[in-house]
Amino acid sequence: MSSDGNAVLKLAESRREEVDSVVVRFAGDSGDGIQLTGGRFAETTALSGQDLETFPDFPAEIRAPIGTTYGVSAFQINFGSGVIMTAGDAPDVLVALNPAALIVNIEEIKAGGLVIVDAGSFSAKNIQKAGYESNPLEDGSLEKYRVFPIDISRLTLEAVSVADVNKRDGLRCKNMWTLGLISWMYDRALEPSIEHLENKFGKKLPEVAKANVAALKAGHAFAETAEMPGDVRGFTIKPADFAPGVYRTVTGTEATSWGLVAGAQLAGLKIALCSYPITPASGILHVLSRLKAYDVTTFQAEDEIAAVCAAIGASYGGALGITSSSGPGIALKTEAIGLAIATEVPLIVVNTQRAGPSTGMPTKTEQSDLYLALYGRNADAPIVVLAAHSSADSFDVAIEAVRLATKYMTPVILLSDTYIANAAEPWLVPDADQLEPFKVNFRTEPEGFQPYVRDETTLARPWVKPGTPGLEHRIGGLERSDVSGNVSNDADNHQLMTNIRFNKIAGIANDIPLQEVELGGDSGQIVVVGWGSTYGPISRAVGHLRDEGKAVSHIQLRYINPLPKNLGELLARFDKILVPEMNMGQLSTLLRDRYMLPTKSLCKVTGKPFRIIEIEDGIRAALEK
Amino acid sequence: MNDIIATTDLTPKDFTSDQEVRWCPGCGDYAIVKSVRKALAEIGTATENVVFISGIGCAARFPYYMATYGFHTIHGRAPAFATGVKLANPELDVWVVGGDGDMLSIGGNHTLHVLRRNVDLNILLFNNEIYGLTKGQYSPTSREGTLSPSTPMGSVDHPVSATSFALGAGARFVARSVDTDQKHMPLVLKRAHEHKGASFVEIFQNCIVYNDATFADFTERATAADTQLHVEHGQPLIFGKERNKGIRVNHDILDLEVVTVGKNGVTLDDVLVHDQTNRTLAGWLARMETPNFPVAIGVLYCNPSESYETGVSRQIEDAKQKSPSQDLNSLLKSGHTWTVEPH
């Protein structure tokens, strides 16, 4: 059906239009299954060979009251035949399953963009609940968009009549009807989604599976055969130009977890992940708890402190101790991290950052824990800090975290964020057999052993598994004598040990790659320095300005402590240094501190990733000054 | 308890480190470390398989004085570190040492959870009812009205009973001993070691500087026979110099009472027989206090069930049986993948 009988037109496959890239946002109530819809669409898009980036954006409430604006869940996907590095600035298409989803998202939609709404949900009550004074579908307020109202609710209920489900369960298939419709528009196969639904519900709830599949097919058939307005076309998008190989989609949560498993295998260790549930970091606990066959032990501790302490205990016992959390949880762990620094025990701390301070906005992204990572402990307590810049990159960074923690007997903080954790992107799956092993050599030789005798190059102390005969020794948080490890309050010894702890971490700069320029020349008018998930939008923004002929470069930091040896000298070659961050300028102050260079901050703390245009504007503004 | 077999003849000296002991002269901790070394020598676990984990406080200096593996950690968290050690290597013989402030105040949460999880650890709580290392503030086990630097008018909060807490947390082994009782303590320590799971031992420890003689009401040698009840599984709950006082249930008030055998028609048959698997009885015994009751000493409760790390290891073994491959490539390629062919 259509709201406008005159525009009714049947579309033939031949009328598909070819486009390079599209941004689609699905939005609805938190109970509408929006994340599932988006996830399925992302998967079939990936299987179609296009590049993509997703942005799941959901409320902190599990099931907020139906129809309210704070219960709106959204999933944005940018996909195309070219290189996709962000989830897209302004969506071309919005699918809104109720008035609240419309009012929350409409401002961000491109002018002239397609807005598909479930007209069946636009009851007077829902319209009022969303905060509209009149029905936006009728009052002309949506003039600048192409609005396509469909009674998805009714059509879904009709479609699911083939299955034995009640009205409530039937209506919950709305998301699959929508997926069917959008799948037709972008020429997506339904089979992978049908297979997914049958796997998910098939055995236990066969009628629910049947209803979902029926809704999916009905949405598809509606678009294919039924009436669509003349300007709503089907599209084709060419596959992206990927390097040959095996691909999959991966989220930061998955890539981090698998990277830790890979790192542990390369080090020859078993994993003990000790964590306490916290949004948005719990995913790592969930993924790893299913990998027991890979010698992964997971421990859901009683609190954040117990989690990090158990992880340190596990490392002391000879496993790879890991703890994962988000800002508020990391804050609780700081004393124990200091102990791991003092006793020089390997530890991986994954911080999936979220908007703060305090509880803040638990489901929204931010990069505001850089100070916490660098400085958030009592006394002089240097630590290794690494940052992943994308979902796929998390795999490599996790392996590097394990390498450095075990080689240097030190805690390593791995910074991720909500965006990276949840976003999916295609990933050229690496061949695990090609990864370079870095097997840990536990000390077993009693001759000449002392707990704090050091490797001359790395300054690392020996790692001894309790149970090793002849090497019994005690470690602890009290300051210890160099070499012997005996408790010491000696003044000169404390200075010496503090220096050693500092130099050990600083010396890691000799063991990490020199900083490279991501895009552009190694000198010029301006360099944009990023870390973490700002990678995508910075990369695109710098690319666009370079296309305009501007001498802009992009540097992305993976190593934040220690910084690469050549970074200061490299940055000094640029006239201006712009540092976009989802915080109030934390990396910027670090760079100023280390290199006495006049960095300029571009700050955004809205809980949402940078748009490309925001960074472009920032670069232009910086160039003009 | 663990499966490591004793291989050599060990003496207490083998468990004595070269570090000078720095507790105050006359501290009850000296007697405890002596008993622990003696018990370990008798148990016979090789020194390299023994690990002592502690938090912060006077008691927490303990690992430095043992010639085993040791980790002096942070305040209150020793049970969590010890849990991690057992996850890494379930075969190790891990002992946790802490005071009443460490394990019942700042670390109360971890004590609760390590007990309910039943991690195979020997947990020794040195209870001296005071904060020693911070110079004498009242602790969570201090009696009401305790005068201390932070409570100059006397403390107003109610103390926690360590053993009642442990039983409430679901501990499967709860015992008590007294620092100076060098005969009794090694026996209790060996029982704790034998028990597979979390073994909780409260040791009444005298702080000679800040809380001297706080337990004198039941530890004075002259009166101990009348103020302590040494419980033994299968034996009647009898105490007293004359061995004629007993504990029985008063059904009218549903509580224990002290009776004298041979008086008012009370016979030995009326006296309760200790059943270490009876949690209700253990709860009753834990609550007995002077002056109305003797203080119960010995193994109040011992009723083993599967220990935490055993269950964890079992799940890992099961998972490995189901998917024996640990091949990383198969993990990375699990789920939907697609192949881009060379152009």
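Moving on: the overall build of chain A. Counting its regular elements, chain A contains 20 helices and 24 strands. Against the compact-globule benchmark of 25 Å for 625 residues, chain A has a radius of gyration of 27 Å, which places it among compact chains. With the C-alpha coordinates of chain A rotated into their principal frame, the extents come out at 90 × 60 × 50 Å. Looking at chain A as a whole, 55% of its 625 residues are labelled buried. Counting contacts in chain A only where the partners sit at least 6 residues apart, residues at least 24 apart contribute 76% of the total.

The next thing to look at is the overall build of chain B. For chain B, the helix and strand inventory stands at 11 helices and 12 strands. By principal-axis analysis of the C-alpha atoms, chain B measures approximately 100 × 45 × 45 Å. Looking at chain B as a whole, 49% of its 343 residues qualify as buried. Put simply, 67% of the contacts in chain B that link residues at least 6 apart link residues at least 24 apart.

Attention shifts here to the interface of chain A and chain B. Listed by partner, the interface residues are 60 residues for chain A and 50 residues for chain B. Elements with a contribution of two residues or more to the side of chain A that touches chain B: α1 (34-47), β11 (245-251), α9 (252-267), β12 (271-275), β13 (296-300), α11 (304-316), α12 (327-343) and β19 (474-476) of chain A. Top element by residues in the side of chain A that touches chain B is α11(A). It accounts for 9 residues. When grouped by side-chain class, the residues that make up the side of chain A that touches chain B number 35 nonpolar, 14 polar and 11 charged.

Further remarks concern the sheet that holds β11(A). Reading across the sheet, the 3 strands line up as β18(A)-β11(A)-β12(B) and stay open at both edges, with antiparallel pairing between neighbours. In this open sheet, the two strands that pair with only one neighbour each are β18 (424-428) of chain A together with β12 (338-340) of chain B. Between one strand axis and the next, the sheet turns by 40° as a mean value, whatever way the strands run. Where β11(A) meets β18(A), 5 bridges bridge the pair, whose relative direction is antiparallel. Residue pairing in the sheet places T249(A) in a bridge with P426(A) of β18(A). On the sheet, α1(A) packs against β11 and β18 of chain A together with β12 of chain B and is oriented at approximately 165° with respect to β11(A).

Residue and element names in this part refer to chain A. Strand order across the open sheet formed by 6 strands is β4-β5-β3-β6-β7-β8, with mixed pairing between neighbours. Looking at strand neighbours, the two that pair on one side only are β4 (51-57) and β8 (146-150), the edges of this open sheet. Neighbour to neighbour, the strand axes of the sheet diverge by 15° on average, direction disregarded. Pairing between strand β7 (residues 114-118) and β8: 5 bridges, direction parallel. From the neighbouring strand, I116 faces β8, where its bridge partner is F148. Lying on the sheet, α1 is in contact with β3 (21-29), β4 and β5 (72-80); it crosses β5 at an angle near 10°.

Attention now moves to α9(A). Residues and elements named next belong to chain A. Between its first and last C-alpha atoms α9 spans 22 Å; for 16 residues at 1.5 Å apiece the expected length is 22 Å, and the two agree. Of all 16 residues making up α9, 16 are buried, and the element is well covered by its neighbours. Of the residues one or two after α9, G268 is the one with positive phi, at around 75°.

Before going further, it helps to examine the packing of α1(A) against helix α6 (residues 174-185) of chain A. All names here are of chain A. For the pair α1 and α6, the least separation of the axes is 9 Å and the interaxial angle reads 30°. Classified by the angle their axes make, α1 and α6 are roughly parallel. Once α1 is placed against α6, the crossing between them reads as right-handed. Between α1 and α6, the contacting residues are I34, L36, T37, R40, F41 and T44 on the first element and N175, T178, L179, I182 and S183 on the second. The class makeup of the residues in the contact of α1 with α6 is 5 nonpolar, 5 polar and 1 charged.

Right, let's talk about the packing of helix α4 (residues 152-159) of chain A against helix α8 (residues 206-225) of chain A for a bit. Residues and elements named next belong to chain A. Contact geometry of α4 with α8 gives a least axis separation of 9 Å together with a crossing angle of 120°. Considering their axes alone, α4 and α8 lie oblique with respect to each other. Crossing angle aside, the handedness with which α4 passes α8 is right-handed. Contacts between α4 and α8 involve L155, T156 and A159 from the former and A214, A215, A218 and F222 from the latter.

As a further point, take the pairing of strand β10 (residues 255-260) of chain B. Examined bridge by bridge, strand β9 (residues 245-250) of chain B and β10(B) share 6 bridges and lie antiparallel to one another. Along β10(B), the bridge assignment pairs V249(B) with L256(B).

A general feature of soluble globular proteins is that nonpolar side chains tend to end up buried together. Ranked by size, the top nonpolar core spans 272 residues in total, and within it A310(A) and L414(A) carry the most contacts. Once you skip the residues sitting within four places of it in the chain, A310(A) turns out to touch C274(A), F299(A), A301(A), A80(B), F81(B), T83(B), G84(B) and L87(B). The next biggest cluster of nonpolar side chains, apart from the first, holds 5 residues, and it includes I130(B), Y138(B), C207(B) and Y210(B).

Let's shift gears to the environment of R233(A). Mapped onto the fold, R233(A) is located in the loop between β9 (228-229) and β10 (235-236). Residues R233(A) and W184(A), spaced 49 residues apart in sequence, show a C-alpha to C-alpha distance of 9.8 Å.

The next subject is helix α19 (residues 586-595) of chain A. Residues and elements named next belong to chain A. For α19, every residue scored as buried is listed here: Q586, L587, S588, L590 and L591. Of the surrounding secondary structure, the elements contacted by the buried residues of α19 are α13 (370-375), β20 (524-531), α18 (567-571), β23 (574-581) and β24 (599-603). Within two residues after α19, M596 carries a phi angle of roughly 55°, on the positive side.

On to unusual backbone geometry. A cis amide bond links N561(A) with the next residue in sequence, P562(A), at an omega value of -5°. Among the secondary structure elements, P562(A) is positioned in the loop between β22 (559-561) and α18. Cis geometry is found at the peptide bond from T290(B) to P291(B), where omega equals 5°. Mapped onto the elements, P291(B) comes out in the loop between α9 (279-287) and β11 (295-302). Positive phi, normally seen in glycine, also occurs at A379(A), with a value near 70°. For A379(A), the position within the fold is in the loop between α13 and β16 (384-387).

This part is about the environment of G524(A). All names here are of chain A. With respect to the helices and strands, the residue G524 is situated in strand β20. For G524, a count of 17 C-beta atoms within 10 Å translates into the label partly exposed. In sequence terms G524 and K550 are 26 residues apart; their C-alpha atoms lie 9.3 Å from each other. In contact with G524, other than residues within four places in its own chain, are A551, V552, S553 and F574.

Right, let's get into the environment of K604(A). Residues and elements named next belong to chain A. As for its placement among the helices and strands, K604 is situated in the loop between β24 and α20 (612-624). Since 21 C-beta atoms lie within 10 Å of it, K604 is described here as buried. For the pair K604 and R558, spaced 46 residues apart in the sequence, the C-alpha separation amounts to 20 Å. Contacts of K604, omitting those with residues within four sequence positions, involve M582, F610 and E614.

It is worth spelling out the pairing of strand β1 (residues 50-54) of chain B at this point. Residue and element names in this part refer to chain B. With respect to burial, β1 is a largely interior element, 5 of its 5 residues being buried. Neither face of β1 is exposed, since V50, F52 and S54 on one face and V51 and I53 on the opposite face are all buried. Relative to strand β3 (residues 93-99), β1 is paired through 5 bridges, and the arrangement is parallel. Note on β3: the bridge partner recorded for V50 is D93. Two elements, β1 and strand β2 (residues 69-72), share 4 bridges in a ladder whose sense is parallel. Across the sheet, residue F52 finds its bridge partner in β2, namely G70.

The rules behind these values
- Per chain, residues are indexed from 1 in the order of the written sequence.
- Think of it this way: whatever chain is written first is A, whatever ligand is written first is 1, and the rest follow in order.
- Per-residue local features are limited, in this predicted model, to residues with pLDDT of at least 70; the limit for side-chain atom pairs, both in listing and counting, is 80 or more; totals at the level of whole chains, interfaces and linings are taken over all residues.
- Only runs of H or I of at least four residues qualify as helices and only runs of E of at least two qualify as strands under DSSP, and these elements are numbered from the N terminus.
- Only the C-alpha atoms count toward the radius of gyration. The rule for a globule is 2.2 Å times the residue count to the power 0.38.
- Any residue surrounded by 20 or more other C-beta atoms within 10 Å of its C-beta is treated as buried, while 12 or fewer makes it exposed and the intermediate range makes it partly exposed; C-beta atoms here are placed from the backbone.
- Residue pairs are scored as contacts if the distance between their C-beta atoms, which are placed from the backbone, is within 7 Å.
- In this count, Pro and Cys sit with the nonpolar residues alongside Ala, Val, Leu, Ile, Met, Phe, Trp and Tyr, while Asp, Glu, Lys and Arg are called charged and the others, Gly among them, polar.
- Pairing between two strands is assigned when DSSP locates at least 2 bridges connecting them.
- An axis is simply a line fitted to the C-alpha atoms; with a helix, the fit covers only the stretch in contact. Between two such axes, the angle follows the N-to-C directions and lies from 0 to 180 degrees.
- A helix is expected to reach a length of 1.5 Å times the quantity of its residues less one.
- What sets the label is the angle itself: under 35 degrees gives roughly parallel, over 145 gives roughly antiparallel, 65 to 115 gives roughly perpendicular, and the rest give oblique.
- Should the near helix be turned anticlockwise from the far one by less than a right angle, the crossing is left-handed, and should it be turned clockwise, the crossing is right-handed.
- Residues enter a nonpolar core if they are buried, belong to Ala, Val, Leu, Ile, Met, Phe, Trp, Tyr or Cys, and are joined to the set through C-beta atoms within 7 Å.

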